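Spelled out, the chains give:
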Amino acid sequence: MKNIEEVLAQYKSVHFNKTNIVTHFIGIPLIIWAVTLLLSLNVFHLEFFSLSILLTPAYVFFTCALIYYFMLHIKLAIGMTIYVAINLYLVSFVTAHPSALYIAIVVFVIGWAFQFIGHYYEKAKPAFVDDLGQFLIGPLFLLAEVYFLLGWEKKLEETITPIAIAKRKALTHA
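Cut-off values and rules
- Residues numbered from 1 in each chain as written.
- Predicted model: local features only at pLDDT ≥ 70, side-chain atom pairs only at ≥ 80, totals over all residues.
- Heavy atoms only, no water.
- Phe/Tyr/Trp six-rings, centres within 6.5 Å; stacked < 30°, edge-to-face > 60°.
- Buried < 20%, exposed > 50% of the residue type's maximum accessible area, 1.4 Å probe, protein only.
- Lys NZ or Arg CZ within 6 Å of the ring centre and 35° of its normal.
- Helix = DSSP H or I, 4+ residues; strand = E, 2+ residues; numbered from the N terminus.
- Contact = heavy atoms within 4.5 Å.
- Polar contact = N/O pair within 3.5 Å; in protein donor to acceptor, adjacent residues only side chain to side chain.
- Patch = residues over 30% accessible without salt bridge, like charges linked within 9 Å, V, L, I, M, F, W, Y side chains within 5 Å.
- Areas by Shrake-Rupley, 256 points an atom, 1.4 Å probe, with all protein chains shown as cover.
- Salt bridge = Lys/Arg side-chain N within 4 Å of Asp/Glu carboxyl O.
- Axes fitted to C-alpha atoms, helices over the stretch in contact; angles between N-to-C directions.
- Parallel < 35°, antiparallel > 145°, perpendicular 65-115°, else oblique.
- Left-handed = near helix turned anticlockwise from the far one by under 90°.
- Nonpolar A, V, L, I, M, F, W, Y, C, P; charged D, E, K, R; others polar.
- Core = buried A, V, L, I, M, F, W, Y, C linked by side-chain atoms within 4.5 Å.

(A) View of the packing of aromatic side chains. Taken as a whole and assessed by the stated rule, the structure comprises 10 aromatic pairs. With centroids separated by 6.1 Å and ring planes inclined at 40°, the aromatic side chains of Y68 and Y69 adopt a geometry described as tilted. When sorted by exposure, Y68 lands in the same class as Y69, which is buried. Seen from their ring centres, Y147 and W152 are 5.2 Å apart, and the 75° between their planes marks the pair as edge-to-face. Within the aromatic cluster, the residues linked to one another by ring pairs are F108, W112, F116 and F135. Over the ring of Y120 we find K123; its NZ or CZ atom is 4.6 Å from the centre of that ring.

Next comes the structure, spelled out in structure tokens:
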């Protein structure tokens, strides 16, 4: 498994343009919200002894994602846990709506439109093209950028930036 510096540097290597980063701050949350909604539309009832548990694919997916995030970086994972909890809460207001599926699809498409507009300005292909695992890193990258702006995790930022620059140079000279 790659470490936090490797995955963030890989992602950052195609995310230097400020316009691209801004579009990602819009697109990625929209995509995550839409996927959360899609994964929350089916509820499963599990009986465990005398305990009845309601479970959605969203809970399973985000539990696995958060375990991965905690394995990568505890402080970022704590932030992601808060974000995921808020996201699940916000989605809960829409799941019962008769058009929830269509809402999710429209929001998903809008989110991806922002992503591709950003990469037009970046002049680089999206990170997931070479590594599908980067789908999970996008939200973590955005949170890391927020941490960096707040002056948190400066050592992490100082570590990943030169690696990302070297990776970007390798991409442009390939």
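(B) Geometry of helix α1 (residues 4–12). Burial in α1 covers these residues: I4, V7, L8, A9, Y11 and K12. Against the buried residues of α1 lie α2 (18–40), α3 (57–72), α4 (74–92), α5 (100–122), α6 (134–149) and α7 (154–172). The opening residue of α1 is N3, an N-cap whose side-chain oxygen sits 3.1 Å from the backbone nitrogen of E5.

(C) Main features of a nonpolar patch on the surface. Together, F70, I74, I78, I82, I86, Y89, L90 and F93 line one region of the surface with nonpolar side chains, adding up to about 830 Å² of accessible area. Among the elements that make up the nonpolar patch, the one with the highest residue count is α4 (six residues).

(D) Structural detail: the packing of α3 against α6. Between α3 and α6, the shortest axis-to-axis distance is 11 Å and the interhelical angle comes to 65°. Comparing the axis directions of α3 and α6 gives the class roughly perpendicular. The way α3 lies across α6 gives a crossing that is right-handed. For the pair formed by α3 and α6, the contact residues are F61, A65, Y68, Y69 and L72 on the first element and L136, I137, P139 and L140 on the second. Across the contact of α3 with α6, the residue classes break down as nine nonpolar, no polar and no charged.

(E) Quick peek at the nonpolar core. Counting 32 residues, the largest nonpolar core has I4, L8, Y69 and L76 as its most contacted members. Among the secondary structure elements, those contributing two or more residues to this core are α1, α2, α3, α4, α6 and α7. In terms of residue count, the dominant contributor to this core is α6 (eight residues). Not counting the four nearest positions on each side in its chain, L8 is found in contact with L76, I137, L140, F141, A144, L156 and I160. The next biggest cluster of nonpolar side chains, apart from the first, holds eight residues, and it includes W33, V94, A100 and A104.

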